[in-house]
Amino acid sequence: QVLAPAPRKPASSARESSKRRREEAMAKPTVGYLGMGIMGSAMANRLIDAGFDVTLWNRTKERCDPLKAKGAKVADTPQAVVEACDIVFACTSDPESARKVVFGEGGVLAGISAGKKYVDMSTVDEECAIEIATAIKSKGGLFLEAPVSGSKAPAVNGQLVILAAGDESLRSDAQP
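All of the points below concern the structure found in this document. (Residues numbered from 1 in each chain as written. Predicted model: local features only at pLDDT ≥ 70, side-chain atom pairs only at ≥ 80, totals over all residues. Heavy atoms only, no water.)

As a further point, take the nonpolar core. Within the largest apolar cluster, 25 residues are counted, with the highest numbers of intra-cluster contacts made by Tyr33, Met43, Leu56, Val119 and Met121. Counting residues per element, the ones that place at least two in this core are strand E1 (31–34), helix H2 (38–49), strand E2 (54–57) and strand E4 (87–90). Tallying contributions element by element places H2 first for this core, with six residues. Discounting chain neighbours no more than four positions away, the residues touching valine 119 are Ile87, Val88, Phe89, Ala90, Leu144, Ala146, Leu170 and Ala174. Membership of the second largest hydrophobic core comes to 23 residues, among which are Leu109, Val124, Ala129 and Ile136. (Core = buried A, V, L, I, M, F, W, Y, C linked by side-chain atoms within 4.5 Å. Buried < 20%, exposed > 50% of the residue type's maximum accessible area, 1.4 Å probe, protein only. Helix = DSSP H or I, 4+ residues; strand = E, 2+ residues; numbered from the N terminus. Contact = heavy atoms within 4.5 Å.)

Right, dumping it as structure tokens:
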């Protein structure tokens, strides 16, 4: 039995498909992720798998290596991430680390400008959330407090519960 080759798509169809893929990639925002702990790395991994252009930062740079191998970029500071990305997510371990990421040397606040989007997914107290929100907004940035509830397995599977409060347009932008 002789098998015939599969019919080829017309050139116009292949061009349209290629054009559609380029448009979809261009429509996706560039995403930054600060904090490559259990939760942050799992969430950043899902963004990479979904085809987003992701830039990472972690205070221990080697924690970014597995996602760098999958195509993520790695920045030297939170400031560099904010300057390079349309929207930045942070998932740090406590109020002290959340403040360092924002207010420290080379921190988020140094890179925030009008229209930049910052989503803090860290579990922090009310005082810390208000302090960070006030600082981000004072420079014209948009802020969303969005602590996560869950553990490693739900993070890996995209099944975390996220409690969001803040800028409504940013909440819409931050959803998949």
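So that's the structure; there's more coming.
It is worth spelling out the side chain of serine 97 at this point. Inspection of the secondary structure assignment puts serine 97 in helix H5 (residues 95–103). Its relative accessible area of 6% is what places serine 97 among the buried residues. From its side chain, serine 97 meets the backbone nitrogen of serine 93 in a polar contact 3.3 Å long. (Polar contact = N/O pair within 3.5 Å; in protein donor to acceptor, adjacent residues only side chain to side chain.)

With that settled, the discussion passes to H5. Along H5, the residues that are buried comprise Ser97, Ala98, Val101 and Val102. Buried positions in H5, seen along its axis, are confined to an arc of 130 degrees and lie on one side of it. Exposed residues lying more than 90 degrees from the buried face of H5 are Glu96 and Lys100. Residues of H5 that are buried in the fold lie against E1, E2, helix H4 (78–84), helix H6 (108–111), strand E5 (117–120) and helix H7 (126–138). Where H5 begins, the side chain of aspartate 94 points an oxygen toward the backbone nitrogen of glutamate 96, at a separation of 3.2 Å. (Arc of directions from axis to C-beta.)

Note on pairing: side chains with opposite charge can pair once their charged atoms come close. According to the stated counting rule, one finds eight salt bridges in the structure shown. Put simply, aspartate 49 and lysine 70 hold a salt bridge, and the shortest N to O gap is 2.5 Å. Taken together, the residues span a long stretch of sequence, with aspartate 49 in helix H2 and lysine 70 in the loop between helix H3 (65–68) and strand E3 (73–74) at a distance of 21 residues. Overall, aspartate 49 belongs to the exposed group, its relative accessible area being 53%. On the basis of relative accessible area, lysine 70 is assigned to the partly exposed category, the value being 40%. One salt bridge connects lysine 117 with aspartate 173, and the closest N-O pair in it is separated by 2.7 Å. On the criterion of sequence distance, the pair formed by lysine 117 in strand E5 and aspartate 173 in helix H9 (residues 168–174) is long-range, its members being 56 residues apart. (Salt bridge = Lys/Arg side-chain N within 4 Å of Asp/Glu carboxyl O.)

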